[in-house]
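Working through the structure, step by step
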Amino acid sequence: MFTKPEFHPPQKTRKQSAEEINRAMTRFPLIIEILGELRNSGFPFPGDDDLRRGCERAVTSMLVELARIEPAAPGKLSPPEETALNWLNANPADHLVNADQLQRMQQFIERILGSPKNHN
């Protein structure tokens, strides 16, 4: 009996997946900077709450984008991957962005590229 071969769409290269992560995370440093400024201001200004909500929506949007990126094939670490794996380490977001969202971002990035400790 003849069985139909399974079709598997071509898997993206590690570089392509890392570039997608980097595009999704491009606004992250700006969001951290804005939230840091809002936190450090001595008293609230008009519009501060709107800025915070906008930053929260942007982080949620980044999570959605990261969730859509398919995992990459295993392989060697490239410069775009190093950037992608270090977004959350290079930008001190503790106490500025919801910890659960930061953890979820890290999980998505590691799901896509693998854990940084696996690339040593």
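The preceding data block contains the structure.
Quick caveat: nothing in here was measured; it's all calculated off a predicted structure.

A few words now on the pattern of salt bridges. The full count for this structure, using the stated rule, is four salt bridges. Two residues, Arg 14 and Glu 81, come together in a salt bridge whose shortest N-O distance is 2.6 Å. One end of the pair, Arg 14, is in helix α1 (residues 14-24); the other, Glu 81, is in helix α4 (residues 79-85), and 67 residues separate them in sequence. For Arg 14, a relative accessible area of 9% translates into the label buried. The shortest N-O distance in the salt bridge between Asp 49 and Arg 52 comes to 3.3 Å. On the criterion of helical spacing, the pair formed by Asp 49 and Arg 52 is a turn pair, its members being three residues apart in helix α3 (residues 48-68). Residue class for Arg 52 comes out partly exposed when judged on its relative accessible area of 30%.

Now for the packing of α1 against helix α6 (residues 99-113). One can describe the packing of α1 onto α6 by two numbers: an axis separation of 10 Å at closest approach and a directional angle of 165 degrees. It follows that α1 is roughly antiparallel to α6 by the angle criterion. Read as a crossing pair, α1 and α6 show a hand that is right-handed. On the side of α1, the interface is formed by Arg 14, Ser 17, Ala 18 and Ile 21, while α6 contributes Ile 109, Ile 112 and Leu 113. For the contact of α1 with α6, the per-class residue count stands at five nonpolar, one polar and one charged.

Spanning 15 residues, α6 covers 21 Å between terminal C-alpha atoms, matching the ideal 21 Å at 1.5 Å per step. For α6, the complete set of buried residues consists of Gln 101, Leu 102, Met 105, Gln 106, Phe 108, Ile 109, Ile 112 and Leu 113. All buried residues of α6 fall inside an arc of 160 degrees around its axis, so they share one side. Every exposed residue of α6 that faces more than 90 degrees away from the buried side is listed here: Ala 99 and Asp 100. The elements touched by buried residues of α6 are α1, α2 (28-40), α3, α4 and α5 (87-90). With a side-chain oxygen lying 2.7 Å from the backbone nitrogen of Asp 100, the N-terminal cap of α6 falls on Asn 98. Immediately beyond the C-terminal end of α6, within one or two residues, lies Gly 114, with a positive phi of roughly 90 degrees.

Cut-offs and rules
Residues numbered from 1 in each chain as written. Predicted model: local features only at pLDDT ≥ 70, side-chain atom pairs only at ≥ 80, totals over all residues. Heavy atoms only, no water. Salt bridge = Lys/Arg side-chain N within 4 Å of Asp/Glu carboxyl O. Helix = DSSP H or I, 4+ residues; strand = E, 2+ residues; numbered from the N terminus. Buried < 20%, exposed > 50% of the residue type's maximum accessible area, 1.4 Å probe, protein only. Axes fitted to C-alpha atoms, helices over the stretch in contact; angles between N-to-C directions. Parallel < 35°, antiparallel > 145°, perpendicular 65-115°, else oblique. Left-handed = near helix turned anticlockwise from the far one by under 90°. Contact = heavy atoms within 4.5 Å. Nonpolar A, V, L, I, M, F, W, Y, C, P; charged D, E, K, R; others polar. Expected span 1.5 Å × (residues − 1). Arc of directions from axis to C-beta. Polar contact = N/O pair within 3.5 Å; in protein donor to acceptor, adjacent residues only side chain to side chain.

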